[in-house]
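Residues per chain are reported as follows:
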Amino acid sequence: RLSLLAAVFLLVAEAAPPPPARDSRLRARALQTRLLPRLPRRPGQPLLLLRRRRARPLWRPRCSSDDDDDQEQGGFFNDRLLKAARGESVDQVPVWLFRQAGPYLPEYRQYKEDHGLGFLDIIRRPEAAAEVAMQPLRRYGLDAAILFSDILTVVDAMGLEVVFPIGKGIQVREPLKDDGDLSRLTTDPGAVVDRMEYVMDAVKATRAKLREEGFHIPLLGFSAAPWSLFAYMVGDSIRESSNSGRWAREHPEATRRLLRVLSDVVVEYLDRQIRSGAHAVQVFESLGENTPPQDMLRFALPELARIAPALKERHPEIPVLVFARGTGFANPSLQRAKFDVVTLDRNADRREMVMALEETAWVQGRRASVQGNLDPAMLVDGNRDEITEEVRRMVREFGGEGYIANLGAGLMGKEDPDLVEHYVNEIRRLSREQIQLGGV
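These numbers were taken from a predicted model, which means no experiment stands behind them. (Residues numbered from 1 in each chain as written. Predicted model: local features only at pLDDT ≥ 70, side-chain atom pairs only at ≥ 80, totals over all residues. Heavy atoms only, no water.)

Quick word on the pairing of strand β8 (residues 369-374)
On a regular strand, one side chain projects to one face of the sheet and the next to the other, so that they alternate. With six of six residues buried, β8 is to be regarded as a mostly interior element. Of the strand pairs in this sheet, strand β7 (residues 341-343) and β8 are connected by three bridges, and their pairing is parallel. Within β8, the position partnered with Thr343 by the bridge is Gln371. Inspection of the sheet shows β8 paired to strand β9 (residues 403-407) by five bridges, in the parallel sense. When the sheet's bridge partners are listed, Gln371 is paired in β9 with Ile404. (Buried < 20%, exposed > 50% of the residue type's maximum accessible area, 1.4 Å probe, protein only. Helix = DSSP H or I, 4+ residues; strand = E, 2+ residues; numbered from the N terminus. Pairing = 2+ DSSP bridges.)

So, the sheet that holds β9
Taken in spatial order, the seven strands of this open sheet run β1-β4-β5-β6-β7-β8-β9, and their pairing is parallel. Here the strands that pair on one side only, and so sit at the sheet edges, are β1 (145-146) and β9.

Overview of helix α15 (residues 350-359)
Those residues of α15 not exposed but buried are Arg350, Met353, Val354 and Leu357. The arc enclosing the buried residues of α15, seen along the axis, measures out at 100°, which places them on a common side. In α15, those exposed residues whose orientation departs by more than 90 degrees from the buried face are Glu352, Met355 and Glu359. In this fold, the buried residues of α15 make contact with α14 (331-336), β7, β8 and α17 (384-398). A side-chain oxygen of the first residue of α15 lies 3.3 Å from the backbone nitrogen of Arg351; this N-cap is Asp349. (Arc of directions from axis to C-beta. Contact = heavy atoms within 4.5 Å. Polar contact = N/O pair within 3.5 Å; in protein donor to acceptor, adjacent residues only side chain to side chain.)

Points about the packing of aromatic side chains
Counted under the stated rule, the structure contains 11 aromatic pairs. Residues Phe98 and Phe323 carry aromatic rings whose centres are separated by 5.0 Å and whose planes lie at 15° to one another, so their mutual orientation is stacked. Taken together, the positions of Phe98 in the loop between α3 (80-85) and α4 (106-115) and Phe323 in strand β6 (residues 320-324) put the pair 225 residues apart, joining distant regions of the chain. Phe323 carries the same exposure label as Phe98, and that label is buried. Note on Tyr108 and Phe148: the rings are 6.0 Å apart at their centroids and 55° apart in plane angle, and the pair reads as tilted. With Tyr108 in helix α4 and Phe148 in the loop between β1 and α7 (153-157), this residue pair connects regions lying 40 residues apart in the sequence. In terms of burial, Tyr108 and Phe148 fall into one category: buried. Cluster of aromatic residues (ring-pair linked, three or more members): Trp96, Phe98, Phe222, Phe284 and Phe323. (Phe/Tyr/Trp six-rings, centres within 6.5 Å; stacked < 30°, edge-to-face > 60°.)

Examining the pattern of salt bridges
On inspection of all chains with the given rule, the structure shows 33 salt bridges. With its nearest N and O atoms 2.7 Å apart, the salt bridge here joins Glu213 to Arg138. One end of the pair, Glu213, is in the loop between α9 (197-212) and β4 (219-224); the other, Arg138, is in helix α6 (residues 126-140), and 75 residues separate them in sequence. Classification of Glu213 as partly exposed rests on a relative accessible area of 24%. In this structure, Asp194 engages Arg272 in a salt bridge whose closest nitrogen and oxygen atoms are separated by 3.3 Å. Taken as a pair, Asp194 in helix α8 (residues 189-194) and Arg272 in helix α12 (residues 252-276) lie far apart in primary sequence, 78 residues in all. When its relative accessible area of 49% is taken as the criterion, Asp194 is described as partly exposed. Counted as one network, the salt bridges with shared partners bring together Asp194, Glu197, Glu268, Asp271, Arg272, Arg275 and Arg314. (Salt bridge = Lys/Arg side-chain N within 4 Å of Asp/Glu carboxyl O.)

Digging into the environment of Val281
Examined against the element boundaries, Val281 turns out to sit in strand β5 (residues 280-285). Separated by 30 residues in sequence, Val281 and Leu311 have C-alpha atoms that sit 9.7 Å apart. Discounting chain neighbours no more than four positions away, the residues touching Val281 are Gly221, Leu270, Ile274, Leu311, Pro319, Val320 and Leu321.

So, the packing of α6 against α9
For the pair α6 and α9, the least separation of the axes is 8 Å and the interaxial angle reads 45°. Between α6 and α9, the angle is such that the two are oblique. Read as a crossing pair, α6 and α9 show a hand that is right-handed. Facing Pro126, Glu127, Ala129, Ala130, Glu131, Ala133, Met134, Leu137 and Arg138 of α6, the residues of α9 in contact are Tyr198, Asp201, Ala202, Ala205, Thr206, Lys209 and Leu210. When its residues are assigned to classes, the contact of α6 with α9 shows 10 nonpolar, one polar and five charged. (Axes fitted to C-alpha atoms, helices over the stretch in contact; angles between N-to-C directions. Parallel < 35°, antiparallel > 145°, perpendicular 65-115°, else oblique. Left-handed = near helix turned anticlockwise from the far one by under 90°. Nonpolar A, V, L, I, M, F, W, Y, C, P; charged D, E, K, R; others polar.)

Rendered as structure tokens:
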């Protein structure tokens, strides 16, 4: 009798018309969701259990900025990235890119020229930041948007002026010289984040742009990790990395105090982004590649380990991703620290890292999802066949579940947009083949 009722329920559900969609892309995706193949029925198995897990209605996290007018049209929401972050089944591997918006795009350069804006001008103007965040989505149709901002907004809000001299990268104009300089800083987390209200406005403006243009995908917020913020504050940059270790050895107690303040600020900052509308948040240990392992273990990792648990306490359903660049040895520790997704940089051994994560997965009940790790140099001077073969290896070695396709470092500005598009399309094609047909 129960099986008969289940069969009737399934037939009625399948007879229901699909939700209305605003354009052909949404209609195609809704149809794809409804027509996923079913597993063979085992003897005595209720008909209701025949659907694959990924055929469930698409889930959408609730953000504090949501209201009755903020529902995705037709009930459709591409949540592949959120599902992959939780280790759930997807129909194809989600893909987004570190620095997916920026100087390598001709439309970005044109926008800056047309409006007479520099990089820092754009990130401090919410509507401009939202417009730039949309540019790679219009071109590639990625599975996530990311806030267009910079990791040093925190440093600026704490009282150190940030500058962007041409050809030198972003840096602090007057770094901290010794522990006496800590008095120059604003250290109350709430007060610091209040000074970054323009970032929260950019989150809201980007959410509004996504809805307006029919991109029903997650928006990622982000912050630098405490150690990378500290390193910039004492004079390090992407090109200079000797100051942080020296400063920490000369002033160990002041370093620990400052790192604790920074971790509190990062938690408050990401919490505020989530409350403003971010569906997930990414933490970047951007200068990890230039940090000796002993300094990572002594100073950086203890503060990173505080961030995910603090955010999970406030927002248990929000995925927290981390990228400790150049420090793959730390990924099992970051998994134990409750990060949902850890990132492999371009030099990481994929199979070895996945095995290391599997060995420590018992701590949180499942292996953390992984993200990465194409070398972006292939998008500068590579060719399509080489990229296809590398994508084939990535999908085979990472697998189709618990994996978010990305890069092993951020785009730097010289990449060929056509090669970027080829990479994105090949991730979709080859991962879909692996998931649906069982191999690539």
